[in-house]
Amino acid sequence: MTDIKAALRAQRIETPSWAYGNSGTRFKVFAQQGVPRDPYEKLADAAQVHAYTGIAPTVALHIPWDKVDDYADLARHARDLGVAIGAINSNVFQDDDYKLGSVTHPDARVRRKATDHLLECVDIMDATGSDTLKLWFSDGINYPGQDDLRARQDRLAESLAEVYDRLGEGQRFLLEYKLFEPAFYATDVPDWGTAYAHCVKLGPKAQVVVDTGHHAPGTNIEFIVAFLLREGKLGGFDFNSRFYADDDLMVGAADPFQLFRIMYEVIRGGGFTDEVAFMLDQCHNIEPKIPGQIRSVMNVQEATAKALLVDRDALSAAQSAGDVLGANAVLMDAYNTDVRPLLAELREEMGLAPDPMAAYAKSGYFEKIAAERVGGNQAGWGA
Ligand code: LRH
Ligand code: MN
């Protein structure tokens, strides 16, 4: 049990700055009280999640949603709060110029503009001390014939190569794929294979990020995880959950068994290291934001604890013996284990309250920010 606790103590989950801002769907964005007005306040809220879980010490930024005059000062502010700035997320999906694509756009002027934004994000990494750039492209087409699928891949590869060459010592980028939305006929980076192929061509500083909401229904995501780990190309996760499409709900909420299976393949594949970024990518459209993040971190922690409990020797013995039911039972025993007492004990050993949700609710932090954060523009997706 000591090793499991040690592994859990070393777990690191990165929360997204945009989860603390207002978010919604095309139908409605429901504003909430106490929502941050700037990246400084977002970091303060993220620090609360770390304060009560003990395993969420970094915060991903999204540019320009988190644009500031002095990124080094923002990084200092993060440190003063006991957290650090994590991955820098580019945004080439909200400018009018990007209607027909960004780095894949038929017009070279638009491609130049998009690539320059990606390069600016590397400058921000230099200023914040972040080592990871996360690239997601909304690029795609809505109708057959609208553009040349192959030519768009050539344009994408050209831009990625330029950004790859700009990466400094210890820096890397993670290429994110997504089956559809906002494009509804063809997306230029639609699946893990496309992302993987581009990353292999580029080199070791390019890896794939698996957003758990970006697959066709029924996709065996843990197989993709096992494969990418085997190839040394799994750079990280954008954790969330969904019942239908890219719902961006709390990770583990829709399918906790899937999250367990994913974390088991991570552990089995040697991916439970700092090499793999465990990031949340979620939107709390109707539920309170900070408790939503605390609950999400706890969901990943519970799935991880269950996966660490898998009796690996018994499993491989049953697998080698062709004992189908026996092997499945080993995994299910771990999954059906209630790990909440273990995690409560671990938190106390880490000097934390055993129940983070209750501790945060009792802290009065929400009442404080609801009273203080009056006026100004609440943060959001700025779409
Ligand atoms: C795209 C995505 C991407 C982010 C955005 C907030 O759906 O998953 O990771 O840039 O959400
Ligand atoms: Mn994502």
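Located above this text is the structure these notes cover.
Nothing here was measured: the structure is a model prediction, and the numbers come from that model.

Colleague: An account of the site of ligand 1 is requested, with residue identities and associated values reported.
Modeller: If you check the shell around ligand 1, you find Trp18, His62, Lys134, Trp136, Glu176, Lys178, Asp211, His214, Asp238, Asp246, Asp281 and Trp381 and nothing else. Residue lysine 134 places a side-chain N or O atom 3.0 Å away from an oxygen atom belonging to ligand 1. Here ligand 1 is seated within the largest pocket. Classifying every residue of the shell around ligand 1 gives 3 nonpolar, 2 polar and 7 charged.

Colleague: Explain the sheet that holds strand S8 (residues 206–211) to me, using residue names and the numbers behind them.
Modeller: Strand order in this closed barrel of 8 strands is S1-S2-S3-S4-S6-S8-S9-S10, and the pairing throughout is parallel. Recorded for the sheet is a direction-independent mean angle of 30° between the axes of neighbouring strands. Two elements, strand S1 (residues 13–16) and strand S10 (residues 277–280), share 2 bridges in a ladder whose sense is parallel. Looking across to S10, one finds that isoleucine 13 is bridged to phenylalanine 278. Strand contacts of helix H6 (residues 192–202): strand S6 (172–176) and S8, with the helix running at about 160° to S8, the strand carrying the most contacts. Against the sheet, helix H8 (residues 256–268) touches strand S9 (234–239) and S10, its axis set at about 160° to S9.

Colleague: Break down the coordination of the manganese ion (ligand 2) for me, with residues and values.
Modeller: Around the manganese ion (ligand 2), the protein contributes the donor atoms Glu176 (OE), Asp211 (OD), Asp238 (OD) and Asp281 (OD), which lie 2.1 Å from the metal centre. Each of the 6 donor atoms around the manganese ion (ligand 2) contributes to a set of angles spanning 73 to 169°, which defines the coordination as octahedral.

Colleague: So what's going on with the nonpolar core? Which residues, and what values?
Modeller: If you look at the biggest cluster of nonpolar residues, it comprises 96 residues, and the most contacted ones within it are Phe137, Phe173, Phe237 and Phe239. Here the element with the most residues in this core is helix H9 (residues 289–308); it accounts for 9 residues. Apart from residues lying up to four places away in sequence, phenylalanine 137 is in contact with Val92, Ser102, Val103, Leu118, Leu156, Leu160, Leu175 and Val189. One finds Ala60, Ala87, Ala277 and Met279 within the second-largest nonpolar core, a separate group that totals 8 residues.

Colleague: An account of the environment of tryptophan 192 is needed here, citing residue identities and associated values.
Modeller: Structurally, the position occupied by tryptophan 192 is in helix H6. Here the alpha-carbon distance between tryptophan 192 and histidine 214, two residues 22 residues apart in the chain, equals 9.8 Å. With residues near it in sequence (within four places) discarded, tryptophan 192 still touches Tyr177, Ile224, Phe227 and Leu228.

Colleague: Can you tell me about helix H12 (residues 340–349), naming the residues and giving the values?
Modeller: All of the buried residues along H12 are Leu342, Leu343, Ala344, Leu346 and Arg347. In the core, the buried residues of H12 are packed alongside helix H1 (2–9), H9 and helix H13 (356–363). Glycine 351, located one to two residues past H12, shows a positive phi value of around 80°.

Colleague: How would you explain empty space enclosed by the protein if you had to name every residue and give the values?
Modeller: By the definition in use, this model includes 1 cavity of 30 Å³ or more. Roughly 50 Å³ of internal volume is contained in the largest cavity. Every residue lining the largest cavity is listed: Lys178, Leu179, Phe180, Glu181, Gly213, His214, His215, Arg242, Ala245 and Asp246. When the residues that make up the lining of the largest cavity are grouped by side-chain class, the tally is 3 nonpolar, 3 polar and 4 charged.

Colleague: Mind laying out the layout of surface pockets, listing which residues take part and the relevant values?
Modeller: Its boundaries defined by the atoms lining it, the largest pocket holds a volume of some 1400 Å³. Considering the residues around the largest pocket, the lining is formed by 47 residues, among which Trp136, Lys178, Glu181, Pro182 and Trp381 are closest to the centre. Sorting the residues of the lining of the largest pocket by element identifies strand S4 (132–136) and strand S5 (140–141) as the ones contributing at least two each. Taken together, the residues that form the lining of the largest pocket break down as 17 nonpolar, 17 polar and 13 charged. In this structure, the second largest pocket encloses a volume near 570 Å³. Contributing to the lining of the second largest pocket are 29 residues, with Glu14, Thr58, Asp131, Asp274 and Ala277 lying nearest its centre.

Colleague: A description of the pattern of salt bridges should follow, citing residues and the corresponding values.
Modeller: This structure, assessed with the given rule, holds 29 salt bridges. Among the salt bridges present, the one from lysine 134 reaches aspartate 238, with a minimum N-O distance of 2.7 Å. Residue lysine 134 is found in strand S4, and its partner aspartate 238 is found in strand S9; the two are separated by 104 residues along the sequence. Of the two residues, lysine 134 and aspartate 238, both sit in the buried class. The partner of aspartate 246 in a salt bridge is lysine 178, with the nearest N and O atoms 2.9 Å apart. Placement of the pair is aspartate 246 in the loop between S9 and H8 and lysine 178 in the loop between S6 and strand S7 (186–187), with a sequence separation of 68 residues. Like lysine 178, aspartate 246 is buried.

Thresholds applied
Residues numbered from 1 in each chain as written. Chains lettered and ligands numbered in written order. Predicted model: local features only at pLDDT ≥ 70, side-chain atom pairs only at ≥ 80, totals over all residues. Heavy atoms only, no water. Near = heavy atom within 4 Å. Polar contact = N/O pair within 3.5 Å; in protein donor to acceptor, adjacent residues only side chain to side chain. 1 Å grid on protein atoms, 1.4 Å probe; cavity = no way out; pocket = protein on both sides within 12 Å on 5 of 7 lines; lining within 4 Å. Sits in = over half its atoms within 2 Å of the grid points. Nonpolar A, V, L, I, M, F, W, Y, C, P; charged D, E, K, R; others polar. Pairing = 2+ DSSP bridges. Helix = DSSP H or I, 4+ residues; strand = E, 2+ residues; numbered from the N terminus. Axes fitted to C-alpha atoms, helices over the stretch in contact; angles between N-to-C directions. Contact = heavy atoms within 4.5 Å. Donors = N, O, S within 2.8 Å, 3.2 Å for Na, K, Ca; no water. Tetrahedral: all angles 85-135°; square planar, octahedral: opposite > 155°, others 65-115°. Core = buried A, V, L, I, M, F, W, Y, C linked by side-chain atoms within 4.5 Å. Buried < 20%, exposed > 50% of the residue type's maximum accessible area, 1.4 Å probe, protein only. Points joined across faces, edges and corners; volume = space filled by probe spheres on them. Salt bridge = Lys/Arg side-chain N within 4 Å of Asp/Glu carboxyl O.

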